[in-house]
Amino acid sequence: MKLTHISDNTHAPSGRILLIFAGWGMDTHPFSTLTRDDYDLWVAYDYASPEPTDETPLKSASEICVLAWSFGVIEAARFIISHPHLPITLKVAVNGTHHPVDDNRGIPESIFQGTLDGLSEQSLLKFYRRMCGSQAATAQFLATRPHRSINSLRDELLHIASLPHTDEQNVSWDTVFISRYDRIIPCDNQQRAWAMHLDVRLTDSNHLPDFSDIIASTVTHKPMVARRFIRAASSYEANASVQRIVAAHLSELWRNMQPSEEAQTVVEAGAGTGLLTNEYLKWASPTNLTLWDLAELQHTLPGHHEQCDAETSIRNLATNSIDAIASASVIQWFDSPISFIHQCMRVVRPGGIIAIATYGPDNMKELIPFAPSPAHYLSAETWRKALQDEHAEISISEDRHSIAFDTPSQLLRHLRLTGVNTSVSTRSLSAARSILSSSIREITYHPIYIVIRMK
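Residues numbered from 1 in each chain as written. Predicted model: local features only at pLDDT ≥ 70, side-chain atom pairs only at ≥ 80, totals over all residues. Heavy atoms only, no water.

Novice: Help me out: how do you make sense of the nonpolar core in this one?
Specialist: Grouped burial of nonpolar side chains is what soluble globular proteins tend to show. Counting residues in each nonpolar core, the largest one holds 67 residues, and the members touching the most others are Leu 19, Phe 21 and Trp 173. Per-element accounting of this core gives the leading share, 6 residues, to strand E4 (residues 63-69). With near-sequence residues (within four places) excluded, Trp 173 lies in contact with Ala 68, Val 73, Ala 76, Ala 77, Ile 80, Lys 91, Val 92, Ala 93, His 98, Trp 194 and His 197. By size, the runner-up hydrophobic cluster in this structure holds 43 residues, among which are Met 257, Ala 357, Ile 403 and Ile 435. (Core = buried A, V, L, I, M, F, W, Y, C linked by side-chain atoms within 4.5 Å. Buried < 20%, exposed > 50% of the residue type's maximum accessible area, 1.4 Å probe, protein only. Helix = DSSP H or I, 4+ residues; strand = E, 2+ residues; numbered from the N terminus. Contact = heavy atoms within 4.5 Å.)

Here it is, written out as structure tokens:
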């Protein structure tokens, strides 16, 4: 496997890496137009080559998001399993399975063997056309086509054919994308392979997806989230009426599940202006309180302050070292909310509490038509399936709150003053104009409450 850095910047200031596992026959060229100013971009490819011995950039990263495509899915799964200590959060699989050559769950064996037996420059161009799905898409791909020899492609096919299938339970993919019109790995085969997965998204595309769209819809631009909430900090509390209700209710649920022994060591992720902090301090008196946030916290808030990414900082805490971890209206911005809560379950001691409030699929559903990349929220049922654990008592509940406005302009103002508009940016003139010309005067909040007591 070759591993190559493709970003313009030498290292992303945040230490975050987006690692793309390419499909068969690829190299860095098809990904050369991808850009992210908040992540350092790396591409893994040519899986018949020896694995690189120098993985220093990956080991020194603060966070790694993995996007695996086509035959890169099984290679990414093998890599993730063999590198358990890397700070991998988000894991996205696109048009691939853990059964690369399989009549029912991958590419049919006859098609794979035919590709191998007849491999030539002419057959490769035919493969590209099937992969892209249209003449225009093929022409665009050929402008940045891989620079690989036929012999190297043949070696890679032989390597893929020799791979053992990977047990799906060993890799917890966050999201699986399947293209309806995939002519390389049939859509039906992919759906059978991922039948038990919690978050499968069907797209109206071909085997070669729009990577920019997938990245935009799955990888959070955390600096942008931080900037929006910083801008809204002075107006947030006066306008975040639902978030105040959510914080109060989460605090009540936490208190009801709290054992008689009071939590002494508490960590709050995404403390913000202190809505949740002030609620639980009405009844709790932790001797060691730590508040985390992407932005600098107000000095008037109690406890020890850390300006950090909670999703990566949680990995630095020792197992069974914390009495309680809490977070309200925050983890929906994380790259992998499920991974975060699993990390919380590792960190919180037996008898300790995890109290989390996030949002569900109906959150701001009225704005979906105006969002180029709508936010994707997990349902309460998905959370129940994802967090099943015999070593924990888990309570998951949900609610809905609607806010009515006199005019669409007041609705836009609410989004701006609370900073919650990461899906529909009020700084986008086209989105703002569309909302203003619509009849929308109401938005829905769909809070989901997750309270866990570790056994």
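Novice: Teacher, can you tell me more about the packing of aromatic side chains here?
Specialist: Overall, the coordinates contain 11 aromatic pairs when judged by the stated rule. Ring centres of Trp 254 and Trp 283 lie 5.2 Å apart, and the angle between their planes is 85 degrees; on these two criteria the pair is classed as edge-to-face. A residue pair is termed long-range when its members are at least 10 positions apart, and Trp 254 in helix H10 (residues 241-257) and Trp 283 in the loop between helix H11 (275-280) and strand E9 (288-293) qualify at 29 residues. Assessed through its relative accessible area of 1%, Trp 254 is described here as buried. (Phe/Tyr/Trp six-rings, centres within 6.5 Å; stacked < 30°, edge-to-face > 60°.)

Novice: What is the right way to look at the pattern of salt bridges in this model?
Specialist: Close approach of charged atoms lets side chains of opposite charge pair. Enumeration over the complete set of coordinates arrives at 22 salt bridges. Among the ionic pairs, Lys 2 bridges to Asp 46, the shortest N-O distance being 3.5 Å. With Lys 2 in strand E1 (residues 2-5) and Asp 46 in the loop between strand E3 (40-45) and helix H1 (56-59), this residue pair connects regions lying 44 residues apart in the sequence. Given the relative accessible area of 38%, Lys 2 is considered partly exposed. With relative accessibility at 6%, the residue Asp 46 sits in the buried group. Across the pair Lys 282 and Glu 279 runs a salt bridge whose closest N-O atoms are separated by 3.4 Å. The class of Glu 279 is buried, set by a relative accessible area of 17%. Sharing partners across several salt bridges, the network here consists of Arg 16, Glu 63, Lys 222, Asp 309, Glu 311 and Asp 335. (Salt bridge = Lys/Arg side-chain N within 4 Å of Asp/Glu carboxyl O.)

Novice: Help me out: how do you make sense of helix H6 (residues 150-162) in this one?
Specialist: Every α-helix carries 3.6 residues per turn, so stepping three or four residues along brings you back to the same face. In this model H6 runs 19 Å from its N-terminal to its C-terminal C-alpha over 13 residues, within 8% of the 18 Å that 1.5 Å per residue would give. Turning to H6, the residues buried within the fold contact helix H2 (72-82), helix H3 (109-117) and helix H4 (121-132). (Expected span 1.5 Å × (residues − 1).)

Novice: When you look at the pairing of strand E6 (residues 175-179) in this model, what are you seeing that I'm missing?
Specialist: Residues in a regular strand project their side chains so that they alternate between the two faces of the sheet. Where burial is concerned, most of E6 is hidden: 5 out of the 5 residues are buried. Residues Thr 175, Phe 177 and Ser 179 of E6 are buried on one face, and the alternating residues Val 176 and Ile 178, pointing to the opposite face, are buried as well. The pairing of strand E5 (residues 88-94) with E6 spans 3 bridges and is parallel. Bridging from a neighbouring strand, Val 92 pairs with Thr 175 of E6. Relative to strand E7 (residues 200-203), E6 is paired through 4 bridges, and the arrangement is parallel. (Pairing = 2+ DSSP bridges.)

Novice: I keep staring at the side chain of Lys 91 and nothing clicks. Help me out?
Specialist: Its location among the elements puts Lys 91 in strand E5. The side chain of Lys 91 sits in the buried core without any salt bridge; Asp 174 is the nearest counter-charge, 4.3 Å away. A distance of 3.2 Å separates a polar atom in the side chain of Lys 91 from the backbone oxygen of Thr 89. Each residue touching Lys 91, except ones within four places of it in the same chain, is listed here: Val 66, Ile 80, Val 171, Ser 172, Trp 173, Asp 174, Thr 175 and Ser 339. (Lys, Arg positive; Asp, Glu negative; His and termini not counted. Polar contact = N/O pair within 3.5 Å; in protein donor to acceptor, adjacent residues only side chain to side chain.)

Novice: Please explain the environment of Ser 327 as it appears in this structure.
Specialist: Position of Ser 327 among the secondary structure elements: in strand E11 (residues 322-328). In this structure, the C-alpha to C-alpha distance between Ser 327 and Ile 356, residues 29 residues apart in sequence, is 4.9 Å. Apart from residues lying up to four places away in sequence, Ser 327 is in contact with Leu 250, Ala 269, Leu 276, Ala 355, Ile 356 and Ala 357. Among the polar contacts listed, one links the side chain of Ser 327 to the backbone oxygen of Ala 269, at a separation of 2.9 Å.

Novice: For this particular structure, what's the right way to read the environment of Arg 192?
Specialist: When you line up the elements, Arg 192 lands in helix H7 (residues 187-193). Those residues in contact with Arg 192 that lie beyond four places of it in its chain are Asn 104 and Arg 105.

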